[in-house]
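Examining the three-dimensional arrangement
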Amino acid sequence: MSHRVTLILGDGIGPEVVLAAKRVLEATGAAIEWEQVQAGAEMLARCGTPLPDEVVESVRRTGVALKGPVTTPVASGFRSVNVGLRVALDLYANVRPVRTLPGVPGRYARVDLVIFREATEDVYAGKERWVDEDTAETVKVITRKGSERIARAAMEFARREGRRQVTCGHKANIMKLTDGLFLDCARQVARDYPEIEFDDRIIDALCMQLVMAPESFDVLLLPNLYGDIVSDLASGLAGGLGLAPGANIGDEIAVFEPVHGSAPELAGRGIANPIATILSGAMMLRHLEEAERAAAVEAAVTKVLAEGRVLTPDLGGNATTDKMADAIIAALPT
Ligand code: NAD
């Protein structure tokens with residue numbers, strides 16, 4: 001069966017890693033018809049908005065997208081396209097698996113975490129204002145509906161995948177109402193899953209324990225901001241951002257993208273690691289019920305990393321993005 005998928009190249013290293021991932025996915029034999037659209041600063045200049053309606057409409061139509069990172073200006077300029085897309089399409093579950101892979105140098109022998117980050121609420125609503133010229137404030141929004149559905153997504157995943165434990169990270173000792181509500185909803189939802197151990201940690205202690213003993217955690221359930229920070233921290237435990245895939249999942253629509261950003265300092269040099277986007281593509285294939293092809297991509301990535309001959313500079317080698325994709329394609333089972 002042929003799948004229609006929206007392709008958003010992004011900017012910075014986005015086009016390089018997305019086109020490399022596209023080649024790998026096509027090499028599995030999956031029949032994909034791509035609808036290519038673009039978002040970001042280039043679109044702002046061309047059509048007055050960084051997130052044109054045609055992008056949102058295309059993803060609504062296809063229900064599935066593979067997306068590259070998009071640059072967001074710091075401290076001024078347009079609102080994040082990534083946040084805008086998640087909110088417009090109600091992609092509330094940002095799912096980010098982090099696993100040690102063979103051959104990748106790192107401090108830990110075994111990391112196997114899956115982060116469930118709520119992706120539509122918290123301080124990302126962009127509700128900020130100047131109170132006076134020396135004071136700015138932002139609004140943090142946490143709702144029962146938003147908290148319950150991400151908690152249920154994490155618990156359902158744990159049940160389906162035979163995971164033993166879900167840990168909720170929060171700061172409910174300080175933000176008693178907002179983080180208190182998030183934790184309370186998580187605890188209530190967890191009662192429906194007695195076979196899964198549920199616990200919670202204050203977010204600062206969780207970060208320390210993740211660095212000391214990542215193997216003692218399994219699935220992490222986090223509100224938006226802590227989830228964003230902990231995702232990068234966790235990817236650093238297992239080889240860095242070049243290897244960390246992700247998915248933004250709603251009830252009807254899913255957008256797959258690497259955890260990393262547009263890495264402007266690497267853009268145009270052809271040396272970005274494409275594996276995070278390739279593994280995001282494998283997550284997409286699984287979502288499209290192409291489990292065998294997804295497993296083939298993951299096995300090929302594992303093989304290339306274990307051999308250690310073709311590695312991009314972030315992994316200590318000198319291969320280009322395209323050479324890495326070529327090696328992964330060559331390692332696909334025939
Ligand atoms: P970044 O993730 O782009 O880069 C952080 C570090 O990781 C840099 O040292 C970079 O060189 C390295 N890195 C990232 N991806 C890599 C890859 N594939 N291969 C090798 N090294 C890689 O984070 P940043 O520099 O904080 O952000 C840059 C821009 O990206 C910002 O505008 C930010 O808003 C945006 N961003 C977008 C997304 C998204 O589109 N979902 C996510 C995060 C950041």
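Within each chain, residues carry numbers counting from 1 in the order of the written sequence. Two thresholds apply to this predicted model, a pLDDT of at least 70 for residue-level local features and 80 or more for giving and counting side-chain atom pairs, whereas whole-chain, interface and lining totals are computed over all residues. Heavy atoms from the whole structure form the basis of all side-chain values; hydrogens and water molecules are not counted.

Section: the pattern of salt bridges
It is possible for side chains bearing opposite charge to pair when their charged atoms get close. To keep it simple, the criterion reads: Definition used for salt bridges: Asp or Glu carboxyl oxygen within 4 Å of a side-chain nitrogen of Lys or Arg. Going along the chain from the N terminus, every DSSP run of H or I of four or more residues is numbered as a helix, and every run of E of two or more is numbered as a strand. Summary of the burial criterion: residues with accessible area below 20% of their type's maximum are buried, those above 50% are exposed, and those between are partly exposed, where the area comes from a 1.4 Å probe applied to protein chains only.
With the rule as written, the count across this model stands at 25 salt bridges. The salt bridge involving Glu257 is made with Lys67; its shortest N-O contact spans 2.7 Å. Note that Glu257 is positioned in the loop between strand E12 (254–256) and helix H9 (275–287) and Lys67 in strand E3 (residues 64–67), a separation of 190 residues in sequence. The residues Glu257 and Lys67 share a single accessibility class, namely buried.

Digging into the packing of helix H10 (residues 291–307) against helix H11 (residues 321–330)
Angle between the axes and distance between the axes are the two parameters that describe a pair of packed helices. Spelled out, the test is: In this analysis, axes come from line fits to C-alpha atoms, helices being fitted only over the stretch in contact, and the angle between any two N-to-C directions falls in the range 0 to 180 degrees. Two helices cross in a left-handed way if the nearer one is turned anticlockwise from the farther one by less than a right angle. They cross in a right-handed way if the turn is clockwise. Here, residues are in contact when the closest pair of their heavy atoms is within 4.5 Å. Three classes are used: nonpolar for Ala, Val, Leu, Ile, Met, Phe, Trp, Tyr, Cys and Pro, charged for Asp, Glu, Lys and Arg, and polar for all others, with Gly counted as polar.
Relative orientation of the contacting elements H10 and H11 amounts to 115 degrees, with a least axis distance of 8 Å. Helix-helix and strand crossings are classified by hand; for H10 and H11 the assignment is right-handed. Together, Ala300, Val301, Val304 and Leu305 of H10 and Met324, Ala327 and Ile328 of H11 make up the contact between the two elements. When its residues are assigned to classes, the contact of H10 with H11 shows seven nonpolar, no polar and no charged.

Observations concerning the site of the ligand
We apply this condition: If even one non-hydrogen atom of a residue comes within 4 Å of a molecule or strand, that residue is called near it. Pairs of N or O atoms are called polar contacts if they sit within 3.5 Å, as long as, within protein, a hydrogen donor faces a hydrogen acceptor (for residues adjacent in sequence, only side-chain-to-side-chain pairs). Exposure was quantified through the Shrake-Rupley algorithm and a 1.4 Å probe, taking into account, for residues, occlusion by the shown protein chains and nothing else.
Around the ligand lies a shell of 21 residues, among which Val70, Thr72, Gly261, Ala263 and Glu265 are the nearest. Take Thr72: an N or O atom from its main chain is 2.8 Å from an oxygen atom of the ligand. With respect to the ligand, the backbone of Gly261 contributes an N or O atom lying 2.7 Å from an oxygen atom. In the complex, 69% of the free accessible area of the ligand, which totals 800 Å², lies under the protein chains. Residue classes in the shell around the ligand are distributed as nine nonpolar, eight polar and four charged.

Thoughts on the packing of aromatic side chains
This is how the line gets drawn: Only the six-membered ring of Trp is used, alongside the rings of Phe and Tyr, when aromatic pairs are assigned; centres must lie within 6.5 Å, and planes under 30 degrees apart are stacked while those over 60 apart are edge-to-face, with the rest tilted. Only Lys NZ and Arg CZ are tested; either one counts as a charge over a ring when it is within 6 Å of the ring centre and within 35 degrees of the ring normal.
Enumeration according to the criterion identifies one aromatic pair in this entry. Between Phe116 and Phe157, the ring centres sit 5.2 Å apart and the planes meet at 50 degrees, which makes this aromatic pair tilted. Here Phe116, found in strand E5 (residues 112–118), pairs with Phe157, found in helix H5 (residues 144–161); they are 41 residues apart in sequence, far enough to count as distant. Comparing Phe116 with Phe157, the two get one shared label, buried. Between the NZ or CZ atom of Arg117 and the centre of the ring of Tyr124, over which it lies, the distance is 5.4 Å.

With respect to empty space enclosed by the protein
Applied cut-off: Buriedness of a pocket was judged along seven lines, with at least five required to meet protein on both sides within 12 Å; pockets are open sets of points on a 1 Å grid over the protein atoms alone, cavities are sets where a 1.4 Å probe fits but cannot get out, and lining residues have an atom within 4 Å of a point. Grid points are joined across faces, edges and corners, and a volume is the space filled by probe spheres set on the points.
With the rule as written, the count across this model stands at one cavity of 30 Å³ or more. Empty space within the largest cavity amounts to approximately 30 Å³. For the largest cavity, the full set of lining residues is Glu118, Glu121, Asp122, Ile142, Gly146, Ser147, Phe182, Pro223 and Asn224. Its residues assigned to classes, the lining of the largest cavity shows three nonpolar, three polar and three charged.

Focus: the nonpolar core
Defined as follows: By nonpolar core we mean a set of buried residues, namely Ala, Val, Leu, Ile, Met, Phe, Trp, Tyr and Cys, connected to one another through side-chain atoms within 4.5 Å.
Residues Met284, Leu305 and Ile328 are the most contacted members of the largest nonpolar core, which totals 46 residues. Only strand E1 (3–8), helix H1 (14–27), strand E2 (32–37), E3, E12, H9, H10 and H11 provide two or more residues apiece to this core. Residue contacts for Ile328: discarding those within four places in its chain leaves Val24, Ile275, Ile278, Ala300, Val301 and Val304. With 27 residues, the next largest nonpolar core counts Ala153, Phe157, Tyr193 and Val219 among its residues.

Points about the pairing of E3
The test is simple: One bridge is not enough; two strands pair if DSSP finds at least two bridges between them.
The two faces of E3 match: Val64 and Leu66 on one face and Ala65 and Lys67 on the other face are all buried. Relative to E3, E1 is paired through three bridges, and the arrangement is parallel. Bridging from a neighbouring strand, Leu7 pairs with Leu66 of E3. Direction of pairing for E3 relative to E12: parallel, over a ladder of three bridges. Residue pairing in the sheet places Leu66 in a bridge with Phe256 of E12.

A closer look at the sheet that holds strand E4 (residues 93–99)
Read across the open sheet, the 10 strands follow the order E2-E1-E3-E12-E11-E4-E5-E10-E8-E9; overall the sheet is mixed. For this open sheet the edge positions go to E2 and strand E9 (197–202), each flanked by a neighbour on one side alone. Put simply, the sheet's adjacent strands are angled 25 degrees from each other on average, direction ignored. Of the pairings in the sheet, the one linking E5 to strand E10 (residues 219–222) comprises four bridges and is parallel in character. Across the sheet, Ile115 pairs through a bridge with Leu220, a residue of E10. The sheet strands contacting H5 are E4, E5, strand E8 (165–170), E9 and E10, and the helix crosses E5 at an angle near 160 degrees.

Overview of the domain arrangement of the protein chain
Accessible area lost upon the coming together of the parts serves often as the stated size of an interface. Heads up, the condition is: Start and end positions for the domains come from either an automated domain assignment or a database one. We define buried area as the total accessible area lost by two parts upon association, computed with a 1.4 Å probe and summed across both.
Partitioning the protein chain into domains gives domain 1 (1–98 + 240–334) and domain 2 (107–237). Taking only C-alpha atoms, the centre of domain 1 and the centre of domain 2 are 24 Å apart. Listed per partner, the contact involves 17 residues of domain 1 and 21 residues of domain 2. Buried area between domain 1 and domain 2, both sides added, is near 1,600 Å², and the carbon and sulfur share of it is 55%. Interface area lost by domain 1 to domain 2 is led by Tyr92, Arg96 and Val98, which between them contribute 42%. There are one salt bridge connecting domain 1 and domain 2. Across the salt bridge formed by Asp90 and Arg149, the nearest N and O atoms sit 2.7 Å from each other. For the pair domain 1 and domain 2, the number of links is seven residue pairs in polar contact (both at pLDDT 80 or more). Looking at the side of domain 1 that touches domain 2, the elements with two or more residues in it are helix H4 (81–88) and E4. Looking at the side of domain 1 that touches domain 2 element by element, the count peaks at six residues for E4.

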